[in-house]
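Each chain, letter by letter, is given below.
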Amino acid sequence: MSGRVLPYDVQGSGPRRALVLHNWFGDRTSFAPLRAHLDGHAGSYAFVDCRGYGEAIDSDGEFTMEEVAADALAVADDLGWDSFSVIGHSMGGKAAQLMLLDAPDRVRSLVGISPVSAAGFPLDGESWELFAGAAEEPANRRVIIDTTTGGRYDAAWLDALVERSLARSSPTAFRAYLDSWSRTDFHHRVKDNPTPVLLVVGAHDPALGEAAMTAGWLQWYPNARLEVLPEAGHYAPEETPEALAAAIEAFLAA
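1. Brief notes about the nonpolar core
- With 62 residues, the main nonpolar core has Trp24, Met99, Tyr177 and Trp181 as its most contacted residues.
- Discounting residues that sit within four places of it in the chain, Tyr177 has contacts with Trp24, Cys50, Arg51, Tyr53, Phe63, Thr64, Met65, Val68 and Met91.

Put into structure tokens, the structure is as follows:
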């Protein structure tokens, strides 16, 4: 699949290069709290909007993880980056693995922030209806965010995430990406991949926390390691940005 150069911006000018892919509920602006803690002298971080999100909200497409991976590689080409790491939050973590498969000589390492595994994220009937209905129903989005952060935040915090999600994603893209990140399974293609991987999860994330990483990623990537952030749920870039930045930078420096 040939990719398209989508809207992106680069923070920093350091030698440690990383492409950064956002989650299902947020465009690249969801990383704003994290960006405040990144060392621009040590790293160069390219933050990309997926089709149907942010500045690419009107971009057409198939809205699949394969397309996200191809577009992100087109951004790397546009930057002239021959090698780099990929940081992916939630669904962005699944797309990051496809980038590794598509360009194994270019992707140096992966950082997954509460990342969806290569096997997807199976949802039962009631949960599927909740997630699928979130494309059109703001209340569904609120329930999902509240649940995956351990029910620890007030209405103002939850409402802000829901409102940003509604404003910065197209319902069509939002719904289509769900099929791709949750239901497609390519774990047999990543099994025993030697690429260095850092998995950073929140202790308050019941969906993609330590147990999910142990059952999936840590089974397939022999050079993967897990770090659990005690004060985070599913949205570490916004919940605990300083701790997340420290974990990412230590890993990229190794």
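2. With respect to the pairing of strand 3 (residues 43–48)
- With respect to burial, strand 3 is a largely interior element, 6 of its 6 residues being buried.
- The alternating pattern of strand 3 places Gly43, Tyr45 and Phe47 on one face and Ser44, Ala46 and Val48 on the opposite face, and all of these are buried.
- As paired elements, strand 1 (residues 8–11) and strand 3 share 4 bridges and run antiparallel to each other. Bridging from a neighbouring strand, Asp9 pairs with Phe47 of strand 3.
- Examined bridge by bridge, strand 2 (residues 16–21) and strand 3 share 6 bridges and lie parallel to one another. Residue pairing across strands places Val20 opposite Phe47, the latter belonging to strand 3.

3. Considering the environment of Arg152
- Position of Arg152 relative to the elements: it lies in the loop between helix 5 (138–148) and helix 6 (155–167).
- A residue is classified by how much of its surface remains accessible, and Arg152, at 32% relative accessible area, is partly exposed.
- Counting along the chain gives 100 residues from Arg152 to Leu252, while the straight-line C-alpha distance between them is 31 Å.
- Excluding residues that lie within four positions of it along the chain, Arg152 makes contacts with Asp146, His204, Glu231, Ala232, Gly233 and Glu239.
- Of the polar contacts made by the side chain of Arg152, one reaches the backbone oxygen of Thr149; its length is 2.8 Å.

4. Focus: the pattern of salt bridges
- Considering all chains together, one arrives at 15 salt bridges under this definition.
- Residues Asp9 and Arg28 are paired through a salt bridge, measuring 2.7 Å at the closest nitrogen-oxygen approach. Of this pair, Asp9 sits in strand 1 while Arg28 is found in the loop between strand 2 and helix 1 (32–35), placing the two residues 19 residues apart along the sequence.
- In this structure Arg28 comes out as buried when scored by relative accessible area, which is 9%.
- Ionic pairing is found between Asp159 and Arg142, a salt bridge with its closest N-O pair at 2.8 Å. Residue Asp159 is found in helix 6, and its partner Arg142 is found in helix 5; the two are separated by 17 residues along the sequence.
- Overlapping salt bridges bring together Asp9, Arg28, Arg35, Asp49 and Glu55 as one network.

5. Re unusual backbone geometry
- In the Ramachandran plot, Phe63 falls in the positive-phi region, its phi being about 60° despite a non-glycine side chain.
- Looking at the secondary structure, you find Phe63 in the loop between strand 3 and helix 2 (65–79).
- Of note, Ser90 is a non-glycine position whose phi angle comes to about 55°, a positive value.
- Mapped onto the fold, Ser90 is located in the loop between strand 4 (84–89) and helix 3 (91–102).

6. Structural notes on the layout of surface pockets
- The computed volume of the largest pocket comes to approximately 280 Å³.
- Along its surface, the largest pocket is lined by 19 residues, and Phe121, Phe131, Ile144, Thr148 and Ala207 are the ones closest to its centre.
- Contributing elements (two or more residues each) for the lining of the largest pocket: helix 4 (125–133) and helix 5.
- Among the elements that line the lining of the largest pocket, the one with the most residues is helix 5, at 4 residues.
- For the lining of the largest pocket, the class distribution of residues is 13 nonpolar, 6 polar and no charged.
- Here the second largest pocket defines a volume of roughly 160 Å³.
- Along the walls of the second largest pocket sit 13 residues, with Ser117, Gly120, Phe121, Leu208 and Ala212 positioned nearest its centre.
- Where the lining of the second largest pocket is concerned, the elements lending two or more residues are helix 9 (210–215) and helix 10 (217–220).
- Of the residues forming the lining of the second largest pocket, the biggest block, 3 residues, is contributed by helix 9.

The rules behind these values
- Residues numbered from 1 in each chain as written.
- Predicted model: local features only at pLDDT ≥ 70, side-chain atom pairs only at ≥ 80, totals over all residues.
- Heavy atoms only, no water.
- Core = buried A, V, L, I, M, F, W, Y, C linked by side-chain atoms within 4.5 Å.
- Buried < 20%, exposed > 50% of the residue type's maximum accessible area, 1.4 Å probe, protein only.
- Contact = heavy atoms within 4.5 Å.
- Helix = DSSP H or I, 4+ residues; strand = E, 2+ residues; numbered from the N terminus.
- Pairing = 2+ DSSP bridges.
- Polar contact = N/O pair within 3.5 Å; in protein donor to acceptor, adjacent residues only side chain to side chain.
- Salt bridge = Lys/Arg side-chain N within 4 Å of Asp/Glu carboxyl O.
- 1 Å grid on protein atoms, 1.4 Å probe; cavity = no way out; pocket = protein on both sides within 12 Å on 5 of 7 lines; lining within 4 Å.
- Points joined across faces, edges and corners; volume = space filled by probe spheres on them.
- Nonpolar A, V, L, I, M, F, W, Y, C, P; charged D, E, K, R; others polar.

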